[in-house]
Amino acid sequence: EPPKIRLPRHLKQTYTRRVGETVNLVIPFQGKPRAKVSWEKNGSPIDKNDINIRNTEQDTIIFIRKAERGHSGEYDMKVEVENLVDKATIDIQIVDRPGPPEVVTIEDVWGENVNLSWKPPKDDGNAAITGYTIQKADKKSMEWFTVIEHYHRTSATINELVIGNEYYFRVFAENMCGLSEDATMTKESALIAKDGKVYKYPVYDDFDFSERPLFTQPLVNTFAVAGYNATLNCSVRGNPKPKITWMKNKVLIMNDPRYRMFSNQGVCTLEIRKPSPYDGGTYTCRAVNELGEAEVDCKLEVR
């Protein structure tokens, strides 16, 4: 029996865990006589003292008791039976809370308003920064109050401050694990003077948001079980909003009750109701707007 790795669907995309959590992955495979299994991380042999790997005749297990950032990387699995080889790669990402923003600056003070800017943190915690939380404190009490949460840009205007008071500000960074443990505070305070100067609003050119369709998440080759609904997912962006069509083996899917197509917030889904082996093949998602078109495809195998 030739070697064949049965990589679980959730491991075909990046497998994400937080620092301190346990990683316990079971990857089944086939192959007779008894297959030889080997692992590498980022192209080098795995340190067995750091990462526990156990192999049986039909599966291999990766076990990490307490994950650390250094465990992130590409893990390459190889199964050999005599001269035949099958390979698979698992991308593991261990994430942690980010560090605080680098520096927070008071750019301008006018009327009852303060304009702040800051720089993203040096350490993003191995995950994308999803936003910032901004707090203010009156210099007299130094009690902190949140004024903006889940804010995406690196500059903000704080409004409705009390005339005559003096304020400090601080900013936390945020990723999928939560807020940074510390915040970065402004070095200077902002005095809301009684005679505020007149603020001149900047003049901005109109920004052209037009964009040809672009798939930001492709379709993934999928295995389905006959008689159980299967779904194919991808995501697309574009302006004007692209028109989405689906094809099977390059033939347009039209008014077929076995298929259900829907899209939400740019995520496009094709549901195949109770597929049979006949429903296997190459499925394509096409997005079209007046600026152009884009396609992604994948193979569906029904067993």
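Every value quoted in this text rests on a predicted model; they were computed, and no experiment measured them.

Draft legend 1. Quick peek at the overall build of the chain. Counting its secondary structure elements, the chain contains 0 helices and 27 strands. Its C-alpha radius of gyration of 27 Å places the chain more than 25% over the 19 Å reference for a compact globule of 303 residues. Taking the principal axes of the C-alpha coordinates as reference, the chain spans close to 85 × 55 × 30 Å. In the chain, which comprises 303 residues, the share counted as buried stands at 39%. For the chain, long-range pairs separated by at least 24 residues make up 64% of all intrachain contacts whose partners lie at least 6 apart in sequence. Element-wise, carbon and sulfur atoms account for 47% of the exposed surface of the chain, whose accessible area totals about 18500 Å².

Draft legend 2. How the structure looks around the sheet that holds strand β24 (residues 259-264). Taken together, the 4 strands give an open sheet; going across it, the order is β19-β21-β25-β24, and neighbouring strands pair in antiparallel fashion. One side of each edge strand has no neighbouring strand; the edge strands of this open sheet are β19 (211-217) and β24. Ignoring strand direction, the axes of neighbouring strands in this sheet form an average angle of 25°. Looking at chain direction, β24 and strand β25 (residues 267-272) are connected through 6 bridges and run antiparallel. Residue pairing across strands places F262 opposite T269, the latter belonging to β25.

Draft legend 3. Expanded view of the nonpolar core. Within the largest apolar cluster, 25 residues are counted, with the highest numbers of intra-cluster contacts made by L25, I27, W39, Y75, M77 and I90. Among the elements of the structure, β3 (23-30), β4 (36-41), β7 (59-64), β8 (73-81) and β9 (84-95) are those that each provide at least two residues to this core. F215, I272, Y283 and C298 belong to the second largest nonpolar core, which has 21 residues in total.

Draft legend 4. Region of the structure containing the UniProt feature "domain: Ig-like" (unreviewed entry) in the chain. UniProt marks residues 3-91 and 213-297 with the feature "domain: Ig-like" (unreviewed entry), using the numbering shown here. Segment residues 3-91 splits into 0% helix and 55% strand. End C-alpha atoms: 21 Å apart. Helix makes up 0% of residues 213-297 and strand makes up 62%, while its end C-alpha atoms are separated by 15 Å.

Draft legend 5. Structural view of the sheet that holds strand β23 (residues 251-252). Strands sit in the order β20-β27-β26-β22-β23 across an open sheet of 5 strands; the sheet is mixed. With one partner strand each, in any of the chains shown, β20 (222-224) and β23 form the two edges of the open sheet. In the sheet, β20 pairs with strand β27 (residues 292-302) via 3 bridges, with the strands oriented parallel. Counted as the bridge partner of A224 is V302 from β27.

Draft legend 6. Up close: the packing of aromatic side chains. Under the criterion given, the structure shown has 4 aromatic pairs. Relative to Y132, the ring of W118 has its centre 5.5 Å away and its plane inclined at 65°; by these criteria the two rings are edge-to-face. Remark: Y132 occurs in strand β12 (residues 131-138) and W118 occurs in strand β11 (residues 113-118); sequence separation between them is 14 residues. With relative accessibility at 5%, the residue W118 sits in the buried group. Above the ring of Y278, the side-chain terminus of K248 is found at 4.2 Å from the ring centroid.

Draft legend 7. Inspection of the pairing of strand β13 (residues 144-151) at higher detail. Direction of pairing for β12 relative to β13: antiparallel, over a ladder of 5 bridges. Looking at the pairing, Y132 lines up with Y151 of β13. Hairpin connection of β12 to β13: 5 residues between the antiparallel strands, including M142 at a positive phi of 55°.

Draft legend 8. Inspection of the pairing of β8 at higher detail. In the sheet, β4 pairs with β8 via 6 bridges, with the strands oriented antiparallel. Bridge assignment links W39 to a residue of β8, and that residue is M77. Examined bridge by bridge, β8 and β9 share 9 bridges and lie antiparallel to one another. Opposite K78, over in β9, you have K87 as the bridge partner. Count of turn residues in the β8/β9 antiparallel hairpin: 2 residues, of which E82 carries a positive phi of about 55°.

Criteria and cut-off values
- Residues numbered from 1 in each chain as written.
- Predicted model: local features only at pLDDT ≥ 70, side-chain atom pairs only at ≥ 80, totals over all residues.
- Heavy atoms only, no water.
- Helix = DSSP H or I, 4+ residues; strand = E, 2+ residues; numbered from the N terminus.
- Rg over C-alpha atoms; globule rule 2.2 N^0.38 Å.
- Buried < 20%, exposed > 50% of the residue type's maximum accessible area, 1.4 Å probe, protein only.
- Contact = heavy atoms within 4.5 Å.
- Areas by Shrake-Rupley, 256 points an atom, 1.4 Å probe, with all protein chains shown as cover.
- Pairing = 2+ DSSP bridges.
- Axes fitted to C-alpha atoms, helices over the stretch in contact; angles between N-to-C directions.
- Core = buried A, V, L, I, M, F, W, Y, C linked by side-chain atoms within 4.5 Å.
- UniProt positions renumbered as here; feature names shortened; annotations may be inferred.
- Phe/Tyr/Trp six-rings, centres within 6.5 Å; stacked < 30°, edge-to-face > 60°.
- Lys NZ or Arg CZ within 6 Å of the ring centre and 35° of its normal.

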